[in-house]
Amino acid sequence: MAEFITMDQIDAAASQIRRQTAQQPKVGLILGSGLGDLADSVTPADYIEYKDISGWPVSTIPGHKGRLVIGNLANTPVLIMQGRAHYYEGYSISQIGFPIRVMRKLGIHTLVVTNAAGGINPDFRPGDVMAITDHISLMAMGGENPLRGPNLDEFGTRFPDMSRCYSVDLIQKAKMVCDREKIDLQTGIYVCLAGPSFETPADLRFLKLIGADAVGMSTVPEVIVAAHCGMQVLGFSGISNKANLDGSTITTHEEVLQAGKEIAPKLETIIRGVLALL
Ligand code: HPA
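Rules and cut-offs
- Residues numbered from 1 in each chain as written.
- Predicted model: local features only at pLDDT ≥ 70, side-chain atom pairs only at ≥ 80, totals over all residues.
- Heavy atoms only, no water.
- Helix = DSSP H or I, 4+ residues; strand = E, 2+ residues; numbered from the N terminus.
- Buried < 20%, exposed > 50% of the residue type's maximum accessible area, 1.4 Å probe, protein only.
- Polar contact = N/O pair within 3.5 Å; in protein donor to acceptor, adjacent residues only side chain to side chain.
- Core = buried A, V, L, I, M, F, W, Y, C linked by side-chain atoms within 4.5 Å.
- Phe/Tyr/Trp six-rings, centres within 6.5 Å; stacked < 30°, edge-to-face > 60°.
- Near = heavy atom within 4 Å.
- Areas by Shrake-Rupley, 256 points an atom, 1.4 Å probe, with all protein chains shown as cover.

## Let's talk about the side chain of His228
With respect to the secondary-structure elements, His228 resides in helix H6 (residues 220-228). Note on His228: relative accessible area 5%, which makes it buried. Reaching out from His228, the side chain makes a polar contact with the side chain of Arg101 at a distance of 3.3 Å.

## Some words on the nonpolar core
Ranked by size, the top nonpolar core spans 78 residues in total, and within it Leu68 and Phe236 carry the most contacts. Counting residues per element, this core draws most heavily on helix H7 (residues 253-277), at eight residues. Judged by nonpolar contacts, the second largest core, of nine residues, contains Val191, Leu204, Leu207 and Ala212.

## Points about the packing of aromatic side chains
Throughout the structure, instances matching the rule amount to two aromatic pairs. Through successive ring pairs, a cluster of aromatic residues spans Tyr50, Trp56 and Phe98.

## A closer look at the site of the ligand
Neighbouring the ligand are the residues Ala116, Ala117, Gly118, Phe198, Glu199, Val215, Gly216, Met217, Ser240, Asn241, Thr251 and Val256. Ala116 places a main-chain nitrogen or oxygen 3.3 Å from a nitrogen atom of the ligand. About the coverage of the ligand: the protein hides 95% of its 260 Å² of free accessible area. Secondary-structure elements contributing two or more residues to the shell around the ligand are strand E5 (110-119), strand E8 (214-216) and strand E9 (232-242). Take the shell around the ligand: its biggest share by element is three residues, from E5.

The following block contains the structure:
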């Protein structure tokens, strides 16, 4: 695939999906590392493997199933990405945004994104859930912006505003659900790095200094593309490990998947609750 996505590629993928499901999802969900089980409670579910959709980036990472699950969750028609591809797997940054544009083309106007992240904020513990209030797009600042290349005017303007990427209204709904369900909800700023190596202690001290509360390797490219095309976004980081600012511990993918087991049920409750309020 060429570096930049074309309208024809987006149209082709959307048509393939429409041919395989009669359902009309209104909310898109992206389930990150170790968080995919929520898709198992979708009914009636239509499944489409990413590899069967032309142009769809396929994840190679353990903990990512790599399929769309389309159906109802909390009485809401949803399209769930059970697993996502990451930039570090070798895709171009605009390919990472491709699924979002296909979702928009299918009529989806709300996106819920989840990821696993390292907790930089000293108040965060592994197992916490953080609602993302804003992000630091270090990769985009460095030139890897998913909107780089010809602007697709059908989706949005060349120079889109990024001051309201995360819906205040949806965060408020998430807080209401958490109050009701007695779940502690953290809020904070997510920073996305390219990965796949985890951060050095000096990287982490830098990220803390610039105001990041959690660090991961996803989400921001998708959110930039969603904001460009006017979708409202709700984002959550599952804090899977404490960021190792002093070099005293090591971080592993197994640890990330293990923490997902504690985080997944909380996120499931929050997401179901928010969907029921839409
Ligand atoms: N750093 C980056 N990405 C991550 C981490 C981390 O500590 N934990 C889970 N994803």
